[in-house]
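Single-letter residue listing:
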Amino acid sequence: MTIEVTRTFLLWCTVIDYGVLLAWFLIFVFAHDWIQGVHGRWFRLSREQFDALHYAGMSVFKIGIILFNLVPFVVLSIIG
């Protein structure tokens, strides 16, 4: 695999992952009560715990995107 192919791959991974993150955020904002109701059947979480878990999950996912997709893309762009 060439550097150009790897760079293109990482760019598309970053774009798709940020799309997933944006969809997660929008669904969380606009369907919050419905999602909490569905999850409330399985887990006993307060509203604050539910919000904190989703916020933490989105944060970890965003850090993963940056570390595993965006940083390697930038490095390959610099050296290639």
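Residues numbered from 1 in each chain as written. Predicted model: local features only at pLDDT ≥ 70, side-chain atom pairs only at ≥ 80, totals over all residues. Heavy atoms only, no water.

Chemist: Please clarify how the packing of helix α2 (residues 32–40) against helix α3 (residues 47–79) should be interpreted in this entry.
Modeler: A packed helix pair is summarised by two numbers, namely the angle formed by the two axes and the spacing between the axes. Closest axis-to-axis distance for the α2/α3 pair is 11 Å, and the angle between their directions is 100 degrees. Here α2 is positioned roughly perpendicular relative to α3, judged by the angle of their axes. In contact with H32, D33, I35, Q36 and H39 of α2, α3 contributes R47, F50, D51 and H54. Of the residues assigned to the contact of α2 with α3, the class counts are two nonpolar, four polar and three charged. (Axes fitted to C-alpha atoms, helices over the stretch in contact; angles between N-to-C directions. Helix = DSSP H or I, 4+ residues; strand = E, 2+ residues; numbered from the N terminus. Parallel < 35°, antiparallel > 145°, perpendicular 65-115°, else oblique. Contact = heavy atoms within 4.5 Å. Nonpolar A, V, L, I, M, F, W, Y, C, P; charged D, E, K, R; others polar.)

Chemist: Honestly, a nonpolar patch on the surface in this entry has me stumped. Any pointers?
Modeler: Taken together, the side chains of I3, Y18, I66, L70, V71, V74, V75, I78 and I79 define a hydrophobic patch exposed on the protein surface, amounting to about 750 Å² of accessible area. Elements supplying a minimum of two residues to the nonpolar patch: α1 (3–30) and α3. (Patch = residues over 30% accessible without salt bridge, like charges linked within 9 Å, V, L, I, M, F, W, Y side chains within 5 Å. Areas by Shrake-Rupley, 256 points an atom, 1.4 Å probe, with all protein chains shown as cover. Salt bridge = Lys/Arg side-chain N within 4 Å of Asp/Glu carboxyl O.)

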